[in-house]
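Examining the three-dimensional arrangement
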Amino acid sequence: MRWVKLTLHFPSFFSYRIPDYSSQYALTVPLPSPSAIKLALVATAIRATGKVDEGKRVFYAVRDADIRITPPKQIAVNSFLIKRLKKKKNELGFENTFGVREYVFFSEDMSIFVGCEDLEDSLIKYFKMLRYLGSGDSIVYVKSLEVAEEPPESAIKAITGKEFVKVIPEESYLVYPVKDISKKAKFEQVNPHSGKSGKNVFERKYYLIKSKVKKGKNWKILNLGRNVKMV
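Residues numbered from 1 in each chain as written. Predicted model: local features only at pLDDT ≥ 70, side-chain atom pairs only at ≥ 80, totals over all residues. Heavy atoms only, no water.

**A word on the sheet that holds strand β1 (residues 2–9)**
The strand order across the open sheet formed by five strands is β7-β1-β6-β3-β8, and the pairing between neighbours is antiparallel. Edge strands, defined here as strands with exactly one partner in the open sheet, are β7 (141–148) and β8 (156–157). For strand β3 (residues 66–70) and strand β6 (residues 110–116), the ladder comprises five bridges, and the chain directions are antiparallel. Its bridge partner lying in β6, D66 is registered against G115. (Pairing = 2+ DSSP bridges. Helix = DSSP H or I, 4+ residues; strand = E, 2+ residues; numbered from the N terminus.)

Shown next, in the form of structure tokens:
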């Protein structure tokens, strides 16, 4: 397997809604999910070349990729009450309502490791062009990119439900559900213009994060440190 290491800087806030939570109560996962990283690369390839076929090529190249994350030492999560427009039921127009949305601020840069069996040099260039991860306003830029050895043991990996059952009794973790792309998924299922069903595209996985947590009324700080073993 060939690994690429990206050092990412988020100049502002990051937000990625926990899977299956409503848009009105948009609590966030504190780190980008595997599917968010992979689909951002696909979107980047299409945007850079103007060719959907290039996005398709990148999709199959990274669909089964192994994603690992070395997080910052501290992650701050802020919860905001926001005004929003909600589509009216059974009639045209929108109505004013309120919702909750969480945003994440990282204390320092983040490293992401992407491992693929066949990672061609022609695909690596798209990693450098990443402009966002998670929601569209989660701006990011790649400070450095390098071909790397295997990621450190402390790097976080999304695990399956079966792995979760085996690991969780051993220690106390913060548990965040995330999505990864199924190994059976087809490009047409993630292409919104194909008309194909997106059913069974994603696989539920989990981030297990060992962290000390400090909380306030509408904020919390995760203190991860560098000596904490991740899963």
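**A word on unusual backbone geometry**
Its identity as a non-glycine residue notwithstanding, D20 has a phi of 75°, on the positive side. For D20, the position within the fold is in the loop between β1 and β2 (25–26). The backbone of N90 sits at a positive phi, close to 60°, despite the residue not being glycine. Positionally, N90 belongs in the loop between β4 (74–87) and β5 (94–106). The class for N90 is exposed, based on a relative accessible area of 85%. (Buried < 20%, exposed > 50% of the residue type's maximum accessible area, 1.4 Å probe, protein only.)

**A closer look at the side chain of D180**
Note that D180 resides in strand β9 (residues 174–181). Taking the relative accessible area as the measure of exposure, D180 reaches 6% and is therefore buried. Reaching out from D180, the side chain makes a polar contact with the side chain of K38 at a distance of 2.7 Å. Not counting residues up to four positions away in its chain, the partners in contact with D180 are P34, S35, K38, V201, F202, E203 and K205. (Polar contact = N/O pair within 3.5 Å; in protein donor to acceptor, adjacent residues only side chain to side chain. Contact = heavy atoms within 4.5 Å.)

**Remarks on the packing of aromatic side chains**
Going through the model one piece at a time under the given rule, you end up with 10 aromatic pairs. On the numbers, 6.2 Å between centres and 70° between planes, the contact of F13 with F105 is edge-to-face. One end of the pair, F13, is in the loop between β1 and β2; the other, F105, is in strand β5, and 92 residues separate them in sequence. When its relative accessible area of 40% is taken as the criterion, F105 is described as partly exposed. Chaining the aromatic ring pairs together yields one cluster made of F13, F80, Y103 and F105. (Phe/Tyr/Trp six-rings, centres within 6.5 Å; stacked < 30°, edge-to-face > 60°.)

**Overview of the sheet that holds β5**
In space, the five strands of this open sheet follow the order β2-β5-β4-β12-β11, with mixed pairing throughout. Because the sheet does not close on itself, it has two edges, and the strands there are β2 and β11 (212–215). Note that β11 and strand β12 (residues 219–223) share four bridges and pair antiparallel. If you follow V213 over to β12, its bridge partner there is L222.

**Things to note about the nonpolar core**
Residues L31, I112 and Y207 are the most contacted members of the largest nonpolar core, which totals 52 residues. For this core, the leading source of residues is helix α1 (residues 34–49), giving six residues. (Core = buried A, V, L, I, M, F, W, Y, C linked by side-chain atoms within 4.5 Å.)

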